[in-house]
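Remarks on the overall topology
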2 protein chains.
Amino acid sequence: MAAAPKRRRVGKVEIATDLRNQIVRGDLGEGDQLPTEAALIDRYGTSRNTVREGLAILVGEGLVVAKRPHGYFVRDGHRMEYRPQSDLTVRPDDVPKDVFLTELADAGRTPTQTIDVAIVRPPADVAARLGLSDDEHAVVRRRVRFLEGAPYMTNDSYFPLTLAQGTAIMSPEDIARGANRVLADAGHVQVRAVDEFTIRMPTPDEQHRLALGPGTPVARQFTTGYDRHGKALRVAITILPGDRHTIVIDRPGLPDPEAEPS
Amino acid sequence: MAAAPKRRRVGKVEIATDLRNQIVRGDLGEGDQLPTEAALIDRYGTSRNTVREGLAILVGEGLVVAKRPHGYFVRDGHRMEYRPQSDLTVRPDDVPKDVFLTELADAGRTPTQTIDVAIVRPPADVAARLGLSDDEHAVVRRRVRFLEGAPYMTNDSYFPLTLAQGTAIMSPEDIARGANRVLADAGHVQVRAVDEFTIRMPTPDEQHRLALGPGTPVARQFTTGYDRHGKALRVAITILPGDRHTIVIDRPGLPDPEAEPS
DNA sequence: TGATATGGATTGTCTGGACAATCCATATAA
DNA sequence: TTATATGGATTGTCCAGACAATCCATATCA
């Protein structure tokens with residue numbers, strides 16, 4: 001009967017803790033609706049503002065989403081696997097690997113994407129990785145990828161203009177053989193890549209592009225590709241919504257990934 | 001002069017946008033204090049509640065921290081590099097690699113850690129990766145690592161009890177040669193590892209253990225180590241505060257990390 | 001000099017109320 | 001039957017005020 005706590009004073013933290021416990025215990029399952037604000041006001045005997053602040057804590061933790069004007073709901077935890085090492089293939093974590101590709105076709109889950117191409121002065125962090133000076137330009141292919149209509153990542157790939165000029169990279173179409181193959185065919189073979197992931201809250205722009213709810217952090221992945229001479233051929237910025245992905249990295253043959261400090 | 005906007009109605013979003021612009025433009029640098037709530041009430045002509053909600057947006061984005069009772073300050077963006085492939089060595093991103101080790105010693109920045117060891121029934125996700133049934137136990141080494149007194153990660157390593165029993169793993173001391181070496185000496189050589197990263201907001205427990213401010217997401221890393229027969233030897237759960245780390249992964253020799261969809 | 005007290009500045013928490021925005025189900029009208 | 005209007009339920013936004021908590025600088029006192 002999890003009735004009103006006995007504490008004389010109930011604050012937003014107590015409300016959030018109580019509801020969170022119900023969620024992690026499973027009393028409230030994924031997708032379930034939480035009590036309405038009015039019901040919580042009754043249950044905890046506080047003002048509406050305090051109830052809302054308690055709910056805001058859970059929303060900020062990404063545990064709960066508010067759907068106006070229907071109420072608050074427990075968020076669902078499905079995530080896709082993202083394997084930066086192989087390619088951008090993505091699949092739900094509850095689907096066996098083999099099944100995924102066929103299921104994609106079956107269920108009409110074919111990924112779609114929007115592409116837009118521009119010639120820009122790259123941002124400073126991109127320019128630094130590409131080894132471009134201030135007045136050099138780059139080609140950027142900006143893509144938003146969708147699965148079942150919902151955006152699941154953005155990928156902005158920057159190429160030095162001198163490399164991309166006159167190639168299929170300049171065209172805002174899907175490149176079936178891959179941009180790296182285009183570069184390789186022109187003699188620029190990518191032999192090494194470095195990924196840098198930073199974890200942070202999204203900018204308003206990212207929130208909009210990826211339709212992110214509140215309390216959803218993102219991973220921002222910088223991928224820098226190099227040729228055999230160490231020259232940077234491309235820099236990709238991938239934004240991965242935290243609530244839709246698990247990033248999986250396979251490390252075959254590495255003997256000691258978690259070494260204790262020496 | 002960036003005076004009060006001319007809009008008839010100023011809401012929390014406008015306040016947050018205006019202040020955010022000042023931060024990203026650099027008018028307000030890292031560590032600078034924002035105007036006080038009272039000053040913002042004057043500037044925007046709204047109630048205190050609305051001003052606070054505007055500030056809460058920036059706090060939620062991790063752009064601003066509140067230090068009671070001193071005011072709101074622009075957060076600083078220093079991050080350490082974390083390379084799961086090599087080891088747990090961590091260094092600030094603004095320090096050249098070579099300098100770091102000596103500087104660590106110079107500045108007394110030697111990492112410290114707390115260790116606590118327990119025999120537990122592992123959580124379901126750990127048990128699944130270790131291939132343990134419901135009634136089998138595991139040894140967990142829970143560590144919190146500090147740099148300059150501030151916690152920068154937690155690492156909970158689970159070992160099947162049958163493997164760890166009677167070894168140095170059971171002792172709540174630093175294992176100089178590394179836990180993996182201990183296992184290897186007992187004939188369990190780890191030859192492969194898989195990392196899984198999920199991005200999310202921290203639990204209250206994690207907030208407490210890592211002294212996380214609001215608006216700070218975390219990366220939760222599952223590292224599963226296998227021997228040559230594919231048997232899982234250990235599972236480590238590493239929690240990385242998003243505001244303190246960049247995760248760097250080197251991919252030598254991989255030809256096409258960012259392949260376009262075929 | 002040194003310890004203690006006081007007050008000020010600032011943010012944190014909570015109350016209570018008013019109106020707007022959104023979606024849904026139902027009732028009504030064409 | 002179909003389209004339109006209405007009202008209800010619920011969350012979103014904003015206002016105004018009260019008091020608590022925390023840290024700091026200053027003044028006071030021993």
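Scroll up a little and you will see the structure.
Residues numbered from 1 in each chain as written. Chains lettered and ligands numbered in written order. Predicted model: local features only at pLDDT ≥ 70, side-chain atom pairs only at ≥ 80, totals over all residues. Heavy atoms only, no water.

All names here are of chain B. Within the fold, serine 171 resides in the loop between helix H6 (161-164) and helix H7 (179-185). Among the residues examined, serine 171 registers a relative accessible area of 27% and is labelled partly exposed. Along the backbone, serine 171 and isoleucine 115 are 56 residues apart, and their C-alpha atoms lie at a distance of 9.2 Å. In contact with serine 171, not counting residues within four places along its chain, are Val117 and Arg141. (Helix = DSSP H or I, 4+ residues; strand = E, 2+ residues; numbered from the N terminus. Buried < 20%, exposed > 50% of the residue type's maximum accessible area, 1.4 Å probe, protein only. Contact = heavy atoms within 4.5 Å.)

Turning our attention to the protein's contact with DNA strand D. Taken together, the neighbourhood of DNA strand D is formed by 20 residues, with Arg48(A), Arg52(A), Asn49(B), Thr50(B) and Pro69(B) sitting nearest. Within the side chain of Thr50(B), a nitrogen or oxygen atom sits 2.3 Å from a phosphate oxygen of DNA strand D. For the surface near DNA strand D, the elements supplying multiple residues, two or more each, are helix H3 (48-60) and strand E2 (71-74) of chain A together with helix H3 (48-60) of chain B. For the surface near DNA strand D, the element with the highest residue contribution is H3(B), accounting for 3 residues. Tallied by class, the residues present in the surface near DNA strand D amount to 4 nonpolar, 8 polar and 8 charged. (Near = heavy atom within 4 Å. Polar contact = N/O pair within 3.5 Å; in protein donor to acceptor, adjacent residues only side chain to side chain. Nonpolar A, V, L, I, M, F, W, Y, C, P; charged D, E, K, R; others polar.)

Counting across every chain of the model gives 0 aromatic pairs over all chains. One residue, Arg129(A), lies across the ring of Phe222(A), its end atom 4.0 Å from the ring centre. Here the guanidinium or amino end of Lys67(B) rests over the ring plane of Phe73(B), the centre of that ring lying 5.0 Å away. (Phe/Tyr/Trp six-rings, centres within 6.5 Å; stacked < 30°, edge-to-face > 60°. Lys NZ or Arg CZ within 6 Å of the ring centre and 35° of its normal.)

Further remarks concern the pattern of salt bridges. Scanning the entire structure with this criterion turns up 32 salt bridges over all chains. Residue Asp185(A) is joined to Arg177(A) by a salt bridge in which the shortest nitrogen-to-oxygen separation is 2.5 Å. In this structure, Arg20(B) engages Glu61(B) in a salt bridge whose closest nitrogen and oxygen atoms are separated by 2.7 Å. Of the two residues, Arg20(B) is situated in helix H1 (residues 12-25) and Glu61(B) in the loop between H3 and strand E1 (64-67); the sequence distance between them amounts to 41 residues. With respect to class, Arg20(B) is no different from Glu61(B); both count as buried. Three or more residues joined by partner-sharing salt bridges are found here, namely Glu37(A), Arg48(A) and Arg52(A). (Salt bridge = Lys/Arg side-chain N within 4 Å of Asp/Glu carboxyl O.)

All right, on to the protein's contact with DNA strand C then. Taken together, 20 residues surround DNA strand C, and among them Asn49(A), Thr50(A), Pro69(A), Arg48(B) and Arg52(B) come closest. Backbone atoms, meaning sugar plus phosphate, form 64% of the atoms of DNA strand C positioned within 4 Å of the protein. Interatomic distance of 2.4 Å between a side-chain N/O atom of Thr50(A) and a phosphate oxygen of DNA strand C. Here the surface near DNA strand C is composed, by residue class, of 4 nonpolar, 8 polar and 8 charged.

Geometric descriptors of this kind do not, in isolation, establish any biological role.
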